[in-house]
Amino acid sequence: DAGVTQSPTHLIKTRGQQVTLRCSPKSGHDTVSWYQQALGQGPQFIFQYYEEEERQRGNFPDRFSGHQFPNYSSELNVNALLLGDSALYLCASSRASVYEQYFGPGTRLTVT
Amino acid sequence: SQQGEEDPQALSIQEGENATMNCSYKTSINNLQWYRQNSGRGLVHLILIRSNEREKHSGRLRVTLDTSKKSSSLLITASRAADTASYFCATARGGTASKLTFGTGTRLQVTL
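Treat the numbers as computed from the prediction; the structure is a model and nothing was measured.

### Considering the overall build of chain B
Check the secondary structure of chain B and you find zero helices and eleven strands. N-terminal to C-terminal, the α/β element order of chain B is β-β-β-β-β-β-β-β-β-β-β. In terms of C-alpha radius of gyration, chain B reaches 13 Å, essentially the compact-globule figure of 13 Å for 112 residues. Seen through its C-alpha atoms, chain B measures out along the principal axes to roughly 40 × 25 × 20 Å. Surface exposure of chain B reaches about 5200 Å², of which carbon and sulfur atoms provide 44%. With 14 positive and 9 negative side-chain charges, chain B shows a spacing of 8 Å between the two charge centroids.

### Details of the state of the cysteines
Tallying each qualifying case throughout the model produces two disulfides over all chains. Across a sulfur-sulfur distance of 1.8 Å, Cys23(A) and Cys91(A) are joined as a disulfide pair. On the sign convention where negative means left-handed, the S-S torsion of about -55° between Cys23(A) and Cys91(A) marks this disulfide as left-handed. Pair noted here: Cys23(A) is in strand 3 (residues 19–24) and Cys91(A) is in strand 9 (residues 87–94), with a separation of 68 residues, a long-range link. Exposure remark for Cys91(A): the relative accessible area of 0% places this residue in the buried category. Here Cys23(B) engages in a disulfide with Cys89(B); their sulfurs sit 1.9 Å apart. On the S-S bond that ties Cys23(B) to Cys89(B), the torsion sits near 65°, and the link is right-handed. Of this pair, Cys23(B) sits in strand 3 (residues 19–24) while Cys89(B) sits in strand 9 (residues 85–92), placing them 66 residues apart in sequence. Looking at Cys89(B), the relative accessible area reads 3%, which means it is buried.

### So, the packing of aromatic side chains
The geometry of an aromatic ring pair is captured by two quantities: the separation of the ring centres and the angle between the planes. All names here are of chain A. Enumeration according to the criterion identifies nine aromatic pairs over all chains in this entry. An angle of 70° between the planes, with centres 5.6 Å apart, marks the rings of Tyr 35 and Phe 45 as edge-to-face. Here Tyr 35 is found in strand 4 (residues 31–37), whereas its partner Phe 45 is found in strand 5 (residues 44–50), with ten residues between them in sequence. By relative accessible area, Tyr 35 is classed as buried at 0%. Relative to Phe 64, the ring of Phe 60 has its centre 5.1 Å away and its plane inclined at 70°; by these criteria the two rings are edge-to-face. Cation over ring: Lys 26 sits above Tyr 102, and NZ or CZ is 5.5 Å from the ring centre. When the ring centre of Tyr 50 is taken as reference, the NZ or CZ atom of Arg 55 above it lies at 5.0 Å.

### Description of unusual backbone geometry
Keep in mind that most residues, glycine aside, have a negative phi and that most peptide bonds are trans. A cis geometry characterises the amide bond from Ser7(A) onward to Pro8(A), with omega recorded as -10°. With an omega of 0°, the peptide bond between Asp7(B) and Pro8(B) qualifies as cis. In this structure, Pro8(B) sits in the loop between strand 1 (5–7) and strand 2 (10–14). The backbone of Ala80(A) sits at a positive phi, close to 45°, despite the residue not being glycine. Within the element layout of this structure, Ala80(A) appears in the loop between strand 8 (74–78) and strand 9. Classification of Ala80(A) by relative accessible area gives partly exposed; the value is 39%. We note that Ala78(B) has phi near 50°; this positive angle belongs to a residue other than glycine. Counting through the fold element by element, Ala78(B) comes out in the loop between strand 8 (71–76) and strand 9.

Parameters at a glance
Residues numbered from 1 in each chain as written. Chains lettered and ligands numbered in written order. Predicted model: local features only at pLDDT ≥ 70, side-chain atom pairs only at ≥ 80, totals over all residues. Heavy atoms only, no water. Helix = DSSP H or I, 4+ residues; strand = E, 2+ residues; numbered from the N terminus. Rg over C-alpha atoms; globule rule 2.2 N^0.38 Å. Areas by Shrake-Rupley, 256 points an atom, 1.4 Å probe, with all protein chains shown as cover. Lys, Arg positive; Asp, Glu negative; His and termini not counted. Charge placed at Lys NZ, Arg CZ, Asp CG, Glu CD. Disulfide = S-S within 2.5 Å. Buried < 20%, exposed > 50% of the residue type's maximum accessible area, 1.4 Å probe, protein only. Phe/Tyr/Trp six-rings, centres within 6.5 Å; stacked < 30°, edge-to-face > 60°. Lys NZ or Arg CZ within 6 Å of the ring centre and 35° of its normal.

Structure follows, in structure tokens:
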């Protein structure tokens, strides 16, 4: 049973560009959350998708947007990249009926 | 923003010793979870303790929760080199699949 998968593994972008990160949830999971983890810090919640709708959102600007597809996979889009957006982006999946969340390996984004 | 802090920030012990790390948080919670992260990659769920529980065990792990002090501790007994990782506590205020608010993490180094 495949766990949570994310692509790409690494990404280098230039300031002002746009980026799309992808996540496939664990089989049987219907809820996807995205987190940003800066170097040396704990992950910070960006937003969560359930039934193709954004259900919860953290304190991130509108430059961060997302989408969930009918197969429960999800994308995170970041527009007008800033140097401060350099981080590890983690996707977590879960079932809406349980507490535990399962994390993918992350996408490391570097903005130059 | 981070929910709280872990203490110590870094811990170095020898194989076979016990490792204890503490987590403090700021608001009322539904549950608290501990995660492990190896080399800045994805997080692995270790254990969940609900707000009405005081102690929980899983293999070599023992977690305690004191909601009056808004604190938790994770004890790893008989540490192994493979336990070397960063450990994060994460709190959830809402129900199932609620967003997680992470602490700053403890870096554990277990040497032979």
